[in-house]
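Spelled out, the chains give:
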Amino acid sequence: KGGGRKGESDLVKMMRQLSVCEYAEHVGEEECERLVAAGEAWIGPLRVDAANPFQAFVTCKGLPRDVMVQDLQLRNRAMHEDLVCVRLLPSSPGHQGNAGEVLRVVEERHKTTVVGHLEPYRGSHPPHQALFVPHDGRASPLLVPAATCPPSLFEPARPGGEAPRVDLYCAEVVGWERGRHLPTGRLDRVLGPAGDVDAETNALLASNGIDTRPFGPDVLACVPSDSWTIPPEEVAKRRDLRGGGVRICTIDPATAKDLDDALHIQRTAAGWEVGVHIADVSHFVSPGTPLDAEAYARATSTYLVQYCVPMLPHTLCENLCSLNPKVDRLAFSVIWQFNDDLDITDTWFGRTVIRCCCRMDYDTAQSVIESNLQGRPVPPFSDKYRPEEGIRQEEVEGDVWMLYQISQKLRAKRYRDGEGD
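The rules behind each value
- Residues numbered from 1 in each chain as written.
- Predicted model: local features only at pLDDT ≥ 70, side-chain atom pairs only at ≥ 80, totals over all residues.
- Heavy atoms only, no water.
- Helix = DSSP H or I, 4+ residues; strand = E, 2+ residues; numbered from the N terminus.
- Buried < 20%, exposed > 50% of the residue type's maximum accessible area, 1.4 Å probe, protein only.
- Axes fitted to C-alpha atoms, helices over the stretch in contact; angles between N-to-C directions.
- Parallel < 35°, antiparallel > 145°, perpendicular 65-115°, else oblique.
- Contact = heavy atoms within 4.5 Å.
- Salt bridge = Lys/Arg side-chain N within 4 Å of Asp/Glu carboxyl O.
- Core = buried A, V, L, I, M, F, W, Y, C linked by side-chain atoms within 4.5 Å.
- Arc of directions from axis to C-beta.

J.: So, the side chain of Ser371: which residues are in play, and what are the values?
T.: Take Ser371: it is sitting in helix α9 (residues 362–374). Ser371 gets classed as buried once you look at its relative accessible area, which sits at 0%.

Below, the structure is given as structure tokens:
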């Protein structure tokens with residue numbers, strides 16, 4: 001791949017090709033706009049071929065097929081995902097009809113944080129820089145200052161000695177100057193030895209831009225204490241669903257810590273009432289605050305096999321914004337009224353105060369359903385899932401069973417009406 005001597009790695013071949021690269025100066029913004037307006041150049045995102053890092057493609061509106069940029073010199077310092085201005089090259093035996101060259105990087109969109117390992121760079125003696133090799137084949141290698149690297153990296157291998165340990169690093173892309181054959185980078189942190197579960201997990205998170213840093217003091221200052229309770233004036237603004245025969249339950253994985261949704265069902269004179277309740281996180285996240293900015297940047301909680309990287313501090317995720325049983329919580333709810341034919345007769349949306357009477361996991365809820373289907377008693381709930389005092393297990397069982405029956409009837413009704421699943 002990419003040409004070169006037999007047996008060479010892609011990295012060695014890339015370094016050999018880069019050593020003779022002379023990059024053209026990027027055209028100016030006005031010249032780029034003129035060429036595009038004249039139909040002599042096009043703009044589109046550049047994507048590097050992970051299997052062949054010497055080759056890249058640019059998808060341009062108005063061209064029947066992608067522009068192929070066939071080597072590093074023609075790519076002219078553009079990196080994977082950059083928005084570039086390209087010009088087609090004249091057709092020749094060496095260039096296919098869709099071959100092109102990058103004239104300008106219109107917008108830098110490449111990842112600025114990359115994960116990889118270090119290798120000695122043999123371009124200078126004594127070494128004043130090292131080679132950072134990204135593990136994503138589409139990312140460009142980086143030159144990083146030798147002073148920031150472990151001294152052992154530059155020690156010669158001892159004959160018959162153990163292979164040196166390979167550590168994973170997170171690095172920041174600094175930039176790519178015209179006079180440099182590689183972009184420069186800066187080591188951010190060491191992640192640990194390659195092959196180690198924690199190090200590989202951290203590498204996976206870093207390469208996908210997941211922020212694992214602890215929440216800063218300015219963010220934590222926006223969060224109330226764990227002992228926070230709902231003020232009476234807030235209760236007055238909301239529909240109060242505590243008591244009144246409404247049994248609200250959560251059903252989540254057994255290991256779940258943030259219980260963010262719950263449901264209830266009850267018989268009415270006209271049919272059935274079904275409610276779905278979502279934790280009202282917005283009450284605690286005021287617009288324009290450091291907490292709001294942090295939540296916006298993180299976007300979502302990230303669930304891994306062994307742990308979760310939260311979007312919000314634990315006091316919110318696992319306590320105040322978690323619909324834990326036997327405590328009052330703020331929620332945003334939707335409540336449907338059904339007649340006996342399961343037609344929706346009314347829908348209400350609004351902010352509520354709720355109190356979950358019971359937490360269940362999937363196995364417990366499934367046990368209720370299967371026991372009813374098979375006509376046998378439901379096993380007693382474990383202590384963790386026992387309902388609040390004053391609520392009998394049989395009542396919760398009846399709610400789960402009725403929700404299941406209604407779900408089956410609604411599904412059958414959709415099919416009768418010609419709707420797909």
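Now that the structure has been shown, we can carry on.
J.: Describe the packing of α9 against helix α10 (residues 393–416), listing the residues and the values that go with them.
T.: Between α9 and α10, whose axes approach to 9 Å, the crossing angle comes to 75 degrees. As judged from the angle between their axes, α9 and α10 are roughly perpendicular. Between α9 and α10, the contacting residues are Ala365, Val368, Ile369, Asn372 and Leu373 on the first element and Glu397, Val400, Trp401 and Tyr404 on the second.

J.: I'd like a rundown of the pattern of salt bridges, residues and numbers included.
T.: Evaluated as defined, the whole model comprises 26 salt bridges. Where Arg109 meets Glu107, a salt bridge forms, and the shortest distance between an N and an O atom there is 3.4 Å. Judged by relative accessible area, Glu107 falls into the partly exposed class, the value being 38%. Between Glu395 and Arg247 there is a salt bridge whose closest N-O contact spans 3.7 Å. Residue Glu395 is found in helix α10, and its partner Arg247 is found in the loop between β11 (239–240) and β12 (248–252); the two are separated by 148 residues along the sequence. By relative accessible area, Glu395 is classed as partly exposed at 23%.

J.: I'd like a description of the nonpolar core, backed by residues and values.
T.: Leu46, Val58, Cys60, Val84, Val86 and Val102 are the most contacted members of the largest nonpolar core, which has 17 residues in total. Of all the secondary structure elements, the ones that give two or more residues to this core are β1 (42–49), β2 (52–58), β3 (67–69), β4 (83–88) and β5 (100–107). Broken down by element, this core gets its largest block of residues, three residues, from β1. Apart from residues no more than four positions distant in its own chain, Cys60 is found in contact with Trp42, Ile43, Gly44, Val67 and Val86. Core analysis: the next-biggest nonpolar cluster, separate from the first, contains 16 residues, Val219, Val223, Val285 and Cys321 among them.

J.: Could you give me a rundown of helix α7 (residues 290–298), with the residues and numbers involved?
T.: Buried within α7 we find Leu291, Glu294, Ala295 and Arg298. One side of α7 holds all its buried residues, which, seen down the axis, span an arc of 95 degrees. Opposite its buried face, α7 presents the exposed residues Tyr296 and Ala297, each directed more than 90 degrees away. Buried residues along α7 sit against α5 (217–220), β16 (308–309) and α8 (314–320). The first or second residue beyond α7 is Ala299, which carries a positive phi of 75 degrees.

Limitation: the analysis is restricted to geometry and does not speak to function.
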